[in-house]
Amino acid sequence: AMSVFVTRRIPAEGLRLLSQASGCRVPLWDSEEPLLAGVAGKRGLLCLLTDRIDREVLDAAGPSLKVISTMSVGFDHLALDEIKKRGIRVGYTPDVLTDATAELSVALLLAASRRLPEAVEQVKNGGWTTWKPLWMCGYGLSESTVGIVGLGRIGQAVARRLKPFGVRRFLYSGSRPRPESATEFGAEYVPLTRLAEESDFVVVTCSLTPATQGVCNKDFFSRMKKTSVFVNTSRGAVVNQEDLYDALAHGQIAAAGLDVTTPEPLPTDHPLLSLKNCVILPHVGSATYATRSTMAVLAANNLLAGLRGEPMPHELVL
């Protein structure tokens, strides 16, 4: 029997695939919180990006664990060195959440730059009186320069959606130039410092690696224009949040939109939440019904393929 453990409720299509697979037993952990003690003696584990799969969890699972399938494109929550050492295969879900995350990135950019949450609040609290020429003014995309940190799948999808808004120029930075991807947008590969200095909008869509951890810091924000808008839909740890708070509070940059924070969830008394010019969402980049369902199905198929010793639709090469 292929005994597996699913750390959280996932869309029904994914669970159905697992429960209908021949010889597959799936304990349904029907809770909002992961119960990693449930991995003991299991051959397969289907987890989320919020589940830290570290040595402690792997030890609890024991030598029977052969496959880990994460319902995420990111894998910084997995102790990959330890997993590789134990010969465990890993599946993940790239591509399928690209469009949803790109749409959310654009929505967040517009919400922060045009001060939408602030404007909604004014309607609700009676702040909306008469039309005033300078009231609730923000910044538009037309003729702007957009800098994208990490021109991977999601970065390209963001640029593709922003181009029709009349963006004049795209800049991008990353570990290396990507001329084959940049051609479509006429995007220029520049150092991160120059991207900060010249961009009207900065959108962060890179992976979290040792090189990108905390890369958006005091120096980065000090180089940005006072009229610039900063958006992060990658991972919270790419940003030094104390430095971002200072930049926003002291008018060093105009506004910020975050779908990711450190930690998650962000404490309700966090200083960033006291700022009118910071829009924070609860990590909902991939939150469309269709995307989450597709992610669950892919994660289930990765797990089943791994358990059967077959090639996974998307396997992480360790």
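Residues numbered from 1 in each chain as written. Predicted model: local features only at pLDDT ≥ 70, side-chain atom pairs only at ≥ 80, totals over all residues. Heavy atoms only, no water.

An unreviewed UniProt entry lists the chain under the name Glyoxylate reductase/hydroxypyruvate reductase, with Eubucco bourcierii given as the organism. The record in UniProt for the chain states the following under Sequence similarities (unreviewed entry): "Belongs to the D-isomer specific 2-hydroxyacid dehydrogenase family." (UniProt positions renumbered as here; feature names shortened; annotations may be inferred.)

A. Representation of the overall build of the chain. In terms of helices and strands, the chain carries 11 helices and 13 strands. Compactness check: the chain gives a C-alpha radius of gyration of 21 Å against a globular reference of 20 Å for 318 residues, within 12% of the reference. Its C-alpha atoms give the chain principal-axis dimensions of roughly 70 × 45 × 30 Å. Accessible area for the chain stands at about 15,200 Å²; split by element, carbon and sulfur atoms hold 55% of it. Distance between charge centroids for the chain: 3 Å, based on 34 positive and 32 negative side chains. (Helix = DSSP H or I, 4+ residues; strand = E, 2+ residues; numbered from the N terminus. Rg over C-alpha atoms; globule rule 2.2 N^0.38 Å. Areas by Shrake-Rupley, 256 points an atom, 1.4 Å probe, with all protein chains shown as cover. Lys, Arg positive; Asp, Glu negative; His and termini not counted. Charge placed at Lys NZ, Arg CZ, Asp CG, Glu CD.)

B. A look at the UniProt feature "domain: D-isomer specific 2-hydroxyacid dehydrogenase NAD-binding" (unreviewed entry) in the chain. On the UniProt side, "domain: D-isomer specific 2-hydroxyacid dehydrogenase NAD-binding" (unreviewed entry) is annotated at positions that read residues 106–285 here. Here residues 106–285 is 30% helix and 15% strand, with 11 Å between the C-alpha atoms at its ends.

C. Representation of the environment of Glu264. Take Glu264: it is sitting in the loop between β11 (255–258) and β12 (278–280). The exposure class of Glu264 is partly exposed, given its relative accessible area of 36%. In the structure, Glu264 is positioned 19 residues away from His283 in sequence and 8.2 Å away in space, judged by C-alpha atoms. Polar contacts involving the side chain of Glu264 include one to the main-chain amide nitrogen of Thr261, which spans 3.0 Å. At 2.8 Å, the side chain of Glu264 forms a polar contact with the side chain of His283. (Buried < 20%, exposed > 50% of the residue type's maximum accessible area, 1.4 Å probe, protein only. Polar contact = N/O pair within 3.5 Å; in protein donor to acceptor, adjacent residues only side chain to side chain.)

D. Quick peek at unusual backbone geometry. In the segment running from Thr262 into Pro263, the intervening peptide bond is cis, with an omega of -5°. Residue placement: Pro263 occurs in the loop between β11 and β12. Across the junction of Glu264 and Pro265, the peptide omega takes the value 0°, indicating a cis bond. Position of Pro265 among the secondary structure elements: in the loop between β11 and β12. Located in the positive-phi region is Asp95, a residue other than glycine, with phi close to 70°. Along the polypeptide, Asp95 turns up in the loop between β5 (89–91) and α4 (98–113). One non-glycine residue, Glu143, lies in the positive phi region at around 65°. Looking at Glu143, the relative accessible area reads 53%, which means it is exposed.

E. The sheet that holds strand β1 (residues 2–6), seen in detail. Pairing within the open sheet is mixed, and its 6 strands lie in the order β2-β1-β3-β4-β5-β13. Only two strands of the sheet have a single neighbouring strand rather than two, namely β2 (24–25) and β13 (315–316). The pairing of β5 with β13 spans 2 bridges and is antiparallel. Among the inter-strand pairings, Gly91 is bridged to a residue of β13, identified as Glu315. The strands touched by helix α11 (residues 289–307) are β1, β2, β3 (44–47), β4 (67–70) and β5; relative to β4, the strand with the most contacts, the crossing angle is about 170°. (Pairing = 2+ DSSP bridges. Contact = heavy atoms within 4.5 Å. Axes fitted to C-alpha atoms, helices over the stretch in contact; angles between N-to-C directions.)

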